[in-house]
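Chain by chain, the residues:
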Amino acid sequence: MNTGAPARINVMKPWLGAEEAAALAEVIESGWVAQGPRVAEFEHGFATAMQAPEAVATSSCTTALHLALVVAGVVAGDDVVVPSFSFIATANAPTYVGARPVFADVDAETGDLTAETVAAALTPETAAVIVVDQGGVPVDLAPIRALCDPLGIVVIEDAACGAGSTYRGRPVGAGAEISAWSFHPRKILTTGEGGMITTSRADWAERARRLREHAMSVSAAERHASLVSPPEEYGEIGFNYRMTDLQAAVGLVQLGRLAEVVERRRELAGRYRSALADASGVRLVGDPAWGTSNFQSLWLEVLPEYPIDREGLLVALAEAGVSARRGIMAAHRQPAYADRDTGAAALPVTERLADATIVLPLFHQMTDDELDRVTAVVLEAGRFRP
Ligand SMILES: *Cc1c(COP(=O)(O)O)cnc(C)c1O
């Protein structure tokens, strides 16, 4: 039925095609679909692209964060400073090892932790900090490491959103001792589900490799390679956090087009910026002084002087067939954390951004026409005076 209504514009669309399908078919024909040669190849390619000495593929970023905390030596009773302004997995990961997530506030411009907000959240029990490149905006890592390194506090980078973003001329994640990545379809490079650890520590990588595979001394791939395999041993309690070769084959194709995808996203973000340059009452997230964003989530802050609030703008966009989304969540407001002791600090910037931001549609295949439809709503709603 054609109602004459304009086609719906989604907030995000993964860019998958014939090349991914062909790569999958090849894996199926090979007869080896679990973690194997494709995963190894994907790890190698990802490590090279991210300028990381080691990469360990996992089933998700959430499981990558869990393993990162384990290999970094975070244990029950430790505190881990995290932003509340993040997807909830960032805060959940420390709880998996019995540690306490302690929420820190974020910078009003970038939505990322800063050395100041981290310093305010440190306790004598702090063993690690998880910094996030929120929505792809690179965190200013150096001052945070300058604060934490002398105190023996491990800085873990949750680069779930960060593939293709840069910090001081290098890929994000490269400056942390250990980083975690996501390949969920909501992120820029997808394997359906999937994640990765990158690290400069060979010993951490080796332990993470074993832990993701039940802490088995002989990997399934190694056992398969020999007719009489050596007896395996389980030195500690591990997990099944493996990626499959099916996922890795898709990831390799996606990795090959990461640069092109990021270039297009930055071009679209630039168009949004010009179109909204004269719009008063809204602020679009941009590149910080220290790096470039992949604009995984291009968010817009609805300021108090805008005629309608965030919810009103979401309704106006929905009426025009545009599916925008509320911005990044605040984990400390979720029921899961309501009754937990997570440090008592006020988080005014987190709460303001969580209440006043929306994520604008942005995807590789987006047309100029579609983008104009979105900005027209934002401009029109901004002119309205009740
Ligand atoms: C998406 C996301 C995660 C979780 O990633 P999964 O691969 O879905 O587990 C963790 N942290 C941040 C900041 C995210 O945006």
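What you see is a predicted model; the values in this text were computed from it and never measured.

1. Quick word on the overall build of the chain
- Of regular secondary structure, the chain possesses 14 helices and 14 strands.
- Whereas a compact globule of 386 residues would reach a radius of gyration of roughly 21 Å, the chain reaches 22 Å, a difference of no more than 12%.
- With respect to the three principal axes, the spread of C-alpha positions in the chain is 75 × 55 × 40 Å.
- Taken over 386 residues, the chain has a buried fraction of 54%.
- In the chain, of all internal contacts separated by at least 6 residues, the share reaching a separation of at least 24 is 72%.
- Element-wise, carbon and sulfur atoms account for 55% of the exposed surface of the chain, whose accessible area totals about 16,300 Å².

2. So, the site of the ligand
- In the neighbourhood of the ligand, 15 residues make up the surrounding shell, with C61, T62, D158, S182 and K187 lying closest.
- Here an oxygen atom of the ligand sits 2.5 Å away from a polar atom, N or O, in the side chain of T62.
- Against a free-state accessible area of 390 Å², the protein chains account for coverage of 91% of the ligand.
- Every element with two or more residues in the shell around the ligand is listed here: α3 (61–71) and α4 (89–96).
- Here the residues of the shell around the ligand sort into six nonpolar, seven polar and two charged.

3. Description of the environment of D339
- Along the chain, the position of D339 falls in the loop between α12 (335–338) and α13 (348–356).
- Sequence-wise, D339 and T357 are 18 residues apart; in three dimensions their C-alpha atoms are separated by 26 Å.

4. Things to note about the UniProt feature "active site" (unreviewed entry) in the chain
- UniProt annotation of "active site" (unreviewed entry) refers to K187 when read in the numbering used here.
- When residues no more than four places from it in sequence are discounted, the contact partners of K187 are M12, A160, C161, S182 and Q296.

5. Observations regarding the packing of α3 against helix α7 (residues 202–211)
- Axis separation between α3 and α7 bottoms out at 10 Å; the angle between their running directions is 125°. The orientation of α3 with respect to α7, classified from their angle, is oblique. Seen from above, α3 lies across α7 with right-handed handedness. Contact residues: L67, V70 and V71 in α3; W204, R207, A208 and L211 in α7.
- Counted by class, the contact of α3 with α7 contains six nonpolar, no polar and one charged residues.

Cut-offs used in this document
Residues numbered from 1 in each chain as written. Predicted model: local features only at pLDDT ≥ 70, side-chain atom pairs only at ≥ 80, totals over all residues. Heavy atoms only, no water. Helix = DSSP H or I, 4+ residues; strand = E, 2+ residues; numbered from the N terminus. Rg over C-alpha atoms; globule rule 2.2 N^0.38 Å. Buried < 20%, exposed > 50% of the residue type's maximum accessible area, 1.4 Å probe, protein only. Contact = heavy atoms within 4.5 Å. Areas by Shrake-Rupley, 256 points an atom, 1.4 Å probe, with all protein chains shown as cover. Near = heavy atom within 4 Å. Polar contact = N/O pair within 3.5 Å; in protein donor to acceptor, adjacent residues only side chain to side chain. Nonpolar A, V, L, I, M, F, W, Y, C, P; charged D, E, K, R; others polar. UniProt positions renumbered as here; feature names shortened; annotations may be inferred. Axes fitted to C-alpha atoms, helices over the stretch in contact; angles between N-to-C directions. Parallel < 35°, antiparallel > 145°, perpendicular 65-115°, else oblique. Left-handed = near helix turned anticlockwise from the far one by under 90°.

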